[in-house]
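# Residue-level structural notes
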Amino acid sequence: MKEKSKISKLLVTYGIELVLVAMIIIASALEPSFRSFNNFINVIRQVSITGMLAIGMTFIIINGNIDLSVSGIVGFAGMVVVMMQAQGFGLILSILAVIVIGLLIGVLNGYYVSKGLAPFIVTMATDTMIRGLAYIISNGQPVWGVAKGFDVIGQGFVFGFGSFKGIPIPVIIFGVVAVIAHFILNHTTYGRTVYSVGGNPEASRLSGISIVRSKIFVYCISGFLAALTAVVLTSRLSSCDPTVGVGFQLDAIASTVIGGTSMSGGEGKIYKTVIGILIIGILSNVLNLMAINPYIQQLAKGLIIFLAVVWDNSKRQKAV
């Protein structure tokens, strides 16, 4: 009985890490080309895009909210950053402009959510509006004409030597974002309020924590990272169209939930979200390598999200 209890505790504590290891082993056995170093670099580069959104979503969900507007922010910010460069505004100014846009949308979302409006409705409305703006400013057409050097952000490599091209810059950006996010959540006052408000909003309010400030803070982080994702993605594509980012919020939520962040709020870790991102990325990669029907891939991804939510619910029920 004691041995069974130890195994159960091990699965609860390190379950997501064991799933990642099992997926790597299974993927390597099913598809030999998965084991190549170049493919590994490709997987990391792919997940670094939606990975930044997932890190922002981790803050949001720990705080007891949801953010469906990130895909719209990616689309709108992507259009703005490319169009500004095409109009001659330059690299730095265009990037700063879309970062400010992401932050402002975050303030808007956070303020109204803190006033009692349902996060699902607020952010869905925001997503619809800014996606519509992306279509309006572009007339529904793709745009291109980025400034010289912009493509380095999404396509460049660093630390290369010999035949090794190096580490993709998007991976470096993603890694820096993950480290900073971990530090904020675990070693700052704001980070502690994110957990506190998500776990028990009323107790947090009575202890003097500003609910409004906490919610605006997490939505600003989410908006900032969505804008940063738009910069990296459009840099990689050297263009943008109004549909860019559609569905990204689903991958972000999936990665966060798979990583063990509780949908009830108050619980979650950045490094586990990163593991969740890798699981989604490896699944997509190996299914692509095996030429599996994309509709089946969508089914598999949805099933994983469902199982992760069921697992989270069963853990909470046992805790009660």
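We now turn to the structure provided with this report. (Residues numbered from 1 in each chain as written. Predicted model: local features only at pLDDT ≥ 70, side-chain atom pairs only at ≥ 80, totals over all residues. Heavy atoms only, no water.)

## Some points on the environment of Gly78
As for its position among the elements, Gly78 is in helix 3 (residues 70-86). For Gly78, a relative accessible area of 0% corresponds to the buried category. Sequence separation between Gly78 and Ser94 is 16 residues, and the spatial gap between their C-alpha atoms is 10 Å. Ignoring anything within four residues of it in the chain, the contact list for Gly78 reads Ile73, Ala230, Thr234 and Cys240. (Helix = DSSP H or I, 4+ residues; strand = E, 2+ residues; numbered from the N terminus. Buried < 20%, exposed > 50% of the residue type's maximum accessible area, 1.4 Å probe, protein only. Contact = heavy atoms within 4.5 Å.)

## With respect to unusual backbone geometry
Phi is positive for Asn139, which is not a glycine, with a value near 60 degrees. Relative to the helices and strands, Asn139 resides in the loop between helix 5 (119-138) and strand 1 (143-144). Owing to a relative accessible area of 63%, Asn139 belongs among the exposed residues under this scheme. In this structure, Phe159 takes a positive phi of about 65 degrees despite not being glycine. You can see Phe159 is positioned in the loop between strand 2 (157-158) and strand 3 (167-168). The exposed category is assigned to Phe159, whose relative accessible area is 61%.

## Overview of a nonpolar patch on the surface
Taken together, Ile26, Leu30, Leu289 and Met290 make up a surface patch of nonpolar side chains, about 340 Å² in accessible area. The residue Leu289 is located in helix 12 (residues 270-289) in this model. Owing to a relative accessible area of 34%, Leu289 belongs among the partly exposed residues under this scheme. (Patch = residues over 30% accessible without salt bridge, like charges linked within 9 Å, V, L, I, M, F, W, Y side chains within 5 Å. Areas by Shrake-Rupley, 256 points an atom, 1.4 Å probe, with all protein chains shown as cover. Salt bridge = Lys/Arg side-chain N within 4 Å of Asp/Glu carboxyl O.)

## Describing the nonpolar core
The biggest cluster of nonpolar side chains holds 76 residues, and the ones touching the most others in it are Ile55, Met57, Phe59, Val74 and Ile270. Sorting elements by how many residues they give to this core places helix 2 (residues 37-62) first, with 12 residues. Those residues in contact with Ile270 that sit more than four places away from it in its chain are Ile55, Thr58, Phe59, Ala178, Ala181, His182 and Leu185. (Core = buried A, V, L, I, M, F, W, Y, C linked by side-chain atoms within 4.5 Å.)

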